[in-house]
Amino acid sequence: MRVRRRAGRVGVAGVAAAALTLLLGACSGTGASDGSDGSAGSAGSDPGSASGSASGSASPSPTGEATATSSTPAVPVADPEHAVDPPGEREGRLWSADVLVQWDKPLDDALVRRINRLRGVARTERIGLGQVSLENRVLTVAAVDPGDYRHFTRAEVADLQEAWDRVAGGEMAIDESVAKRLADRDGMIRLGTDADAPRLHVGAYTPQIPTIDMVVNTAWAEDIEMASGNGLLISTDGAAPATIRKPLQRLVGKDASVQMLDVASRIGLDPDARLTAVPTGDTLGSLVGTYRYRVLGGGRIAPEESWVAANIRTEAVPILGTVTCHKDLFPQLRAALLEVQQRGLADEIDPGQYAGCFYPRFIADTTTLSNHAFGLALDLNVSGNQRGSVGEIDRDVVAIFKTWGFAWGGDWRWTDPMHFELSEVRAVR
């Protein structure tokens with residue numbers, strides 16, 4: 001595993017600049033990147049990088065910079081307002097990450113004790129789990145105790161002390177392919193679509209536990225608006241994880257997602273699980289709530305019927321005609337399209353090039369949800385606004401949609417100029 005250091009400074013409040021960033025070349029992983037951006041350093045692109053982790057002599061990295069060694073100085077605290085106690089050296093054995101359970105609320109202590117008594121359960125670790133929307137990718141963030149959670153990671157990651165010190169200090173550890181798509185020039189990632197969503201500095205590239213895309217410490221959970229302790233990592237310590245699926249599912253109930261991580265590590269998810277997304281933030285969190293679904297194959301999913309009945313509508317709007325979206329999208333969509341019409345710009349939107357709003361499926365060639373799965377995004381003028389282009393869509397139309405609380409994919413690092421998604425709920429009179 002290659003390690004690279006880069007010097008910089010980080011502010012206490014805004015954490016505006018990069019700070020002595022530790023970058024760990026990802027050796028494997030389940031990042032959500034669909035690979036369409038052609039970015040370097042995909043999760044499996046460096047098979048020879050898994051050796052040489054926390055110690056050893058310095059050697060040149062691919063960029064010619066020296067790699068860090070065990071003698072590097074103590075890591076400065078990147079964000080004191082979101083720091084927890086540093087974990088110190090790892091003590092105790094490592095545990096395999098075999099099963100991941102997610103609820104939409106914190107676990108009950110008594111339930112955890114019963115799970116620990118199940119035959120086949122060797123060790124458990126409580127974590128927080130939430131889903132954040134980043135450039136139309138719904139990714140999973142885990143809020144963890146760095147000193148305990150590290151025991152469920154790979155040995156070369158668990159023993160890389162500086163990475164866990166950075167997580168304790170308020171930075172995030174993330175799969176490299178995801179970071180390269182989303183981080184700005186200062187190495188910052190904003191966790192959510194809301195304008196006031198927290199921005200975190202990427203402190204380490206590390207391979208993640210299957211289905212988890214990024215890790216932060218527990219001090220961030222409130223700001224990210226995610227639950228604390230609503231997830232449980234389980235180690236079966238060599239026993240086949242599938243042997244505990246049925247008794248575990250009976251114990252946790254039908255509303256919990258129980259994923260076999262050995263399966264997820266091979267294909268990106270557990271197709272037999274009833275999966276759960278609990279989006280964070282004022283907009284997605286309030287509009288989506290708890291989103292449960294099953295995988296149908298061919299990239300399609302089946303959201304819980306009660307969620308669809310409560311949230312999805314088919315209604316008429318200006319210019320586009322009849323569309324199917326989340327019910328709370330319609331007031332702002334109508335307002336935006338009506339203003340486009342009133343300003344004489346209706347011809348700038350081609351109804352024949354409208355590519356839909358509510359699509360219960362994964363992003364193509366991935367196992368990652370998009371905001372289309374919630375009915376909170378729409379694609380316009382598809383043919384002239386492909387991924388990675390500046391797009392031909394009229395910029396006055398874009399400005400109108402932004403005025404009505406929509407984010408535009410043309411502003412993203414890897415552009416998607418056909419794409420508009422609800423980023424802020426605004427009153428329409």
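Being a predicted model, the structure only gives us computed values, none of them experimental. (Residues numbered from 1 in each chain as written. Predicted model: local features only at pLDDT ≥ 70, side-chain atom pairs only at ≥ 80, totals over all residues. Heavy atoms only, no water.)

Asks: Explanation requested: the sheet that holds strand β14 (residues 300–303) in the structure shown.
Replies: Backbone hydrogen bonds are what pair the strands of a sheet, in a parallel or an antiparallel way. Read across the sheet, three strands follow the order β12-β13-β14 without closing on themselves; strand pairing throughout is antiparallel. Each having just a single partner strand, β12 (275–277) and β14 make up the two edges of the open sheet. Neighbour-to-neighbour, the strand axes of this sheet turn through a mean angle of 40°, independent of strand direction. (Pairing = 2+ DSSP bridges. Helix = DSSP H or I, 4+ residues; strand = E, 2+ residues; numbered from the N terminus. Axes fitted to C-alpha atoms, helices over the stretch in contact; angles between N-to-C directions.)

Asks: What should I look at first to understand the sheet that holds strand β18 (residues 406–408) in this one?
Replies: One open sheet accounts for three strands, arranged β17-β19-β18; its pairing is antiparallel. Edge positions in the sheet fall to β17 (377–379) and β18, since each has one partner strand and no second. Each neighbouring strand pair of the sheet contributes to a mean axis angle of 25°, computed without reference to strand direction. Looking at chain direction, β18 and strand β19 (residues 419–422) are connected through three bridges and run antiparallel.

Asks: Where do I start with the pattern of salt bridges in this structure?
Replies: Opposite charge on two side chains permits pairing when their charged atoms draw close. Counting across every chain of the model gives 19 salt bridges. We note a salt bridge from E156 to R154, for which the minimum N-O separation is 2.5 Å. Classification of E156 by relative accessible area gives buried; the value is 14%. Members of the salt-bridge network, linked through shared partners, are K254, D255, R274 and E304. (Salt bridge = Lys/Arg side-chain N within 4 Å of Asp/Glu carboxyl O. Buried < 20%, exposed > 50% of the residue type's maximum accessible area, 1.4 Å probe, protein only.)

Asks: Sorry if this is basic, but what is going on with the packing of aromatic side chains here?
Replies: How two aromatic rings sit relative to each other is set out by the distance from centre to centre and by the angle between their planes. Under the defined criterion, the tally for this structure stands at seven aromatic pairs. Ring geometry for Y149 against W164: centres 6.1 Å apart, planes inclined by 65°, an arrangement best described as edge-to-face. In this pair, Y149 sits in helix α2 (residues 146–149) while W164 sits in helix α4 (residues 161–168), placing the two residues 15 residues apart along the sequence. According to the relative accessible area criterion, Y149 is buried, its value standing at 1%. When the ring of Y291 is compared with that of W307, the centres are 4.9 Å apart and the planes differ by 85°; the resulting orientation is edge-to-face. Of this pair, Y291 sits in strand β13 (residues 291–297) while W307 sits in helix α10 (residues 305–311), placing them 16 residues apart in sequence. (Phe/Tyr/Trp six-rings, centres within 6.5 Å; stacked < 30°, edge-to-face > 60°.)

Asks: Would you explain the state of the cysteines in this entry?
Replies: Structurally, a disulfide amounts to a covalent bond that connects the sulfur atoms of two cysteines. According to the stated counting rule, one finds one disulfide in the structure shown. Across a sulfur-sulfur distance of 2.4 Å, C325 and C357 are joined as a disulfide pair. Across the disulfide from C325 to C357, rotation about the S-S bond amounts to roughly 135°, and the bridge is consequently right-handed. Taken as a pair, C325 in strand β16 (residues 321–326) and C357 in the loop between α11 (330–342) and β17 lie far apart in primary sequence, 32 residues in all. (Disulfide = S-S within 2.5 Å.)

Asks: What is the right way to look at the confidence of the model for the protein in this model?
Replies: It should be kept in mind that the predicted coordinates are not to be read in detail where pLDDT is low. In the predicted model, the protein carries a mean pLDDT of 84, and 82% of its residues have values of at least 70. The low-confidence segment residues 1–21, where pLDDT is below 50, has 80 contacts with residues more than four positions distant or belonging to other chains. Per-residue pLDDT stays below 50 along residues 23–73; that stretch engages in 114 contacts with residues further than four places along the chain or on separate chains. (pLDDT = per-residue confidence, 0-100. Contact = heavy atoms within 4.5 Å.)

Asks: Honestly, unusual backbone geometry in this entry has me stumped. Any pointers?
Replies: One can expect most non-glycine residues to show negative phi and most peptide bonds to be in trans. The residue E135 is not glycine, and still its phi comes out positive at about 50°. Counting through the fold element by element, E135 comes out in the loop between β4 (123–134) and β5 (137–144). Looking at E135, the relative accessible area reads 17%, which means it is buried.

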